[in-house]
Every structure is written in C-alpha cells, then in structure tokens.
Amino acid sequence: MSAIFGVKRLANQERLDASAEQALVEQCRRQNFEAFGKIVDAYQSRVTGFVRRMVASGEEAEDIAQEVFIRAYQNMSRFDGRSSLRTWLFRIAYNLCVDHARKKQRIAPEFSMTENEDSIDVSDVRWDPEAIVLGDELRDVIENAILTMSEKLRTVLLLHDREELGYEELAGMLNVPVGTIKSRLFLARSHVQKAVESYRR
Amino acid sequence: MKLNPEITKKLVQEESLQMAESHELDQMLSASDGVGVTLRGLEDSEPSMAWRSGLNERLLSMHAPKRVKARVWGVTGFGTAVAVAASVFFFAKPAPTSMPSSSLASRASAEQIMLDAHRMNVFALSTGAGDGSEPLETSSEGTTHQWTEADLGAF
C-alpha cells in the first residue's frame, strides 16, 4: 500500500493517450490505487493550475484541487468514457469551483463591455505570441487580467485557450449554446488583450 | 479589423447572432488565437509534496474503512454461513423412524439398573436393613455402631 501514488513521480507530467487512459480507468474501477496515482501524476498540475486561477485563495484552491481527485476516485465507476478523462476532471473541477463560489458568496464582478462600446480590435499585430516574451511582469499582468474577469468568461478562457477543450465540449459542460461559448471566449480574450496593451503603453 | 459595435452589444448581452454576425465573430476569434497561444505559455507551478501527501492520506482514509468493513463482513459472513449450514444439516435431517439397536440396548440396561436399585430399596425398607436413602453396603462402612445395654442384655 505504501507504493501508491508514487510521490517520486511528481515530475512525471505527461498527457495520457486515449488507450493508456482507458486502461488506467479500467484499473481504477477495480480500486487499483497505483493506476489512480498515474492519473493524478498526469493531471495534478493542470487541474491545480485551473483551480488556482478560478479561486482567489491559494489554500482553498489546494483543498479544492484535492477534492477533484477524491471525487474522481469515488465516481470512477460513473465515468462513461463519452468525454475524455481530462474533460471529465475539469468538469469536476469547474463544478467544485462554482460550488465554492456560491458558498463563499464571492461573486466576481461581471466584466462589462458597456464602458467602452467602441469596436474591439483583437487582431493587433503586437499580439503576436512569438513576439511577446512572457516576463514575470507581463505574466502577472495576464494572470491578474484572468482573475479580474467574470467567472463565466474566465471559465471559458481557461478551458478553451489553456486546456484546449472544444466549443462543443464546453457547451455541454456549461449547458449553454456553442454561440454563447464563442461570445464569452471573444470577450475574455479582449479583456486580456486590453490589459496587456495597457501594460505595454 | 474591427468588430461591429452592434455585435459587441449582442455578445455582452449573450443574445443570439445572425448568420453574418456569427461568421464575423468566427473571423475575430481566429484573429485572436494568439491570446490562446500566449495563455498556453503560462506555467503551472507543481503541487507541493505536502499537497500530494495530503491527497494520499485523504484517499487512504477514505479507502481504509471500506477494507475494515469488508474484512468484518467477511468474518461475520463466514460465521453466518457456517451457522446456517449447520442449522440446515441438523433441522433438515429426516426424523428417525426407528430407534437404533445400540441405543435400545443402552436404554434397557439403564432401566434394568434403575429397577434393581428400586427393588433393593424396597427390600431394605421392608426388612429394616436401611432407610433406603443410602446404599446398604456403604451405610455401615466407616462408622462404629454404638451398642446399648439393652442390646448387650439381649445376648
């Protein structure tokens, strides 16, 4: 039992391919701790990162991130494989973050575009990702921009742009039309872009 | 490349878009893909060892009671199964229709012993050789009879 979850494998972060993932899920359903440890190894960093950006408090974020894997382990038998394991884990993480926000009654201020209804330009050549060197300051600016947008926009931005979930997957997860996902993504990107432009001026 | 302000309002209000507006939004999203590339460049800090240990402990504590419970159920289940099997064996066994000969023999000898004891008892009471409450042969053993003068005079 002491060999479970090999802490020594912390650095072994790699995305699982579909067949390996399926095999691990099958083993987890038979209460195989070591198999679940491999899943934690593969996703702990991304899941923790997502939760940290969704929840302001670092300590609470860590608790929630642990809870994500606890719930996943408890409910592995319910995982039907229609979505990827990664999508399923982020769905759990998102639901826990929403529950946490409701409990804390901490509703992030809605990002409003009404202050500046001028046309939005998101095709600024200065936003060439290869031309942007992510220094510590700029990283902080982007992280702060993510934190200051509404939960709705932040969720879509992180799950689509960072975790690479598709429009349909997100629409199913958040129970909104695909068009709404696109709208939120566009507004979220605009918010980040504005923050970066302000910093660079 | 500018987004139509009317579309922007619709986006903020999360209203449905016309086909042409939707197409325009798709184009704007394609143009802003660089934001996504930049976001993917953000690093996630590794969870601490303490975090991982905490997760392991929580999972183990969640799993341990189940194992103990399973073990208890295993032991009690086995005991119950043995008890049920024994009950079935004894109670479902057909009642004997005839007494075994060995049991009859032993029963006869027991009755004979009781009958003999009764006869000896009656004999002892009628002859005054004993009060019948104790065996005749052991009643006088180990005791010295106290002769009275009348007894001696009778001789």
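Above: the structure in question.
Residues numbered from 1 in each chain as written. Chains lettered and ligands numbered in written order. Predicted model: local features only at pLDDT ≥ 70, side-chain atom pairs only at ≥ 80, totals over all residues. Heavy atoms only, no water.

(A) Spotlight on unusual backbone geometry. Residues and elements named next belong to chain A. Residue Q31 is not a glycine yet carries a positive backbone phi of 65°. If you trace the backbone, Q31 turns up in the loop between α1 (18–29) and α2 (33–54). The phi torsion at E164 lies on the positive side, around 60°, for a residue other than glycine. Mapped onto the elements of the fold, E164 is located in the loop between α6 (151–162) and α7 (167–174). By relative accessible area, which is 43% here, E164 ends up partly exposed. (Helix = DSSP H or I, 4+ residues; strand = E, 2+ residues; numbered from the N terminus. Buried < 20%, exposed > 50% of the residue type's maximum accessible area, 1.4 Å probe, protein only.)

(B) Representation of the packing of α6 of chain A against helix α3 (residues 33–40) of chain B. One way to put it is that α6 of chain A packs onto α3 of chain B with a least axis distance of 9 Å and a crossing angle of 80°. It follows from the interaxial angle that α6 of chain A and α3 of chain B lie roughly perpendicular. Where α6 of chain A abuts α3 of chain B, its residues L157, H160, D161 and R162 of chain A lie against V35, G36, L39 and R40 of chain B. The residue inventory of the contact of α6 of chain A with α3 of chain B, partitioned by class, reads three nonpolar, two polar and three charged. (Axes fitted to C-alpha atoms, helices over the stretch in contact; angles between N-to-C directions. Parallel < 35°, antiparallel > 145°, perpendicular 65-115°, else oblique. Contact = heavy atoms within 4.5 Å. Nonpolar A, V, L, I, M, F, W, Y, C, P; charged D, E, K, R; others polar.)

(C) Representation of the packing of aromatic side chains within the structure. All names here are of chain A. On inspection of all chains with the given rule, the structure shows five aromatic pairs over all chains. Each ring, one from F50 and one from F90, has its centre 5.6 Å from the other, and the planes form 90°; the classification is edge-to-face. Residue F50 is found in helix α2, and its partner F90 is found in helix α4 (residues 85–104); the two are separated by 40 residues along the sequence. On the basis of relative accessibility, which here comes to 1%, the residue F50 falls in the buried class. Taken together through their ring pairs, the aromatic side chains of F33, F36 and Y73 make up a single cluster. (Phe/Tyr/Trp six-rings, centres within 6.5 Å; stacked < 30°, edge-to-face > 60°.)

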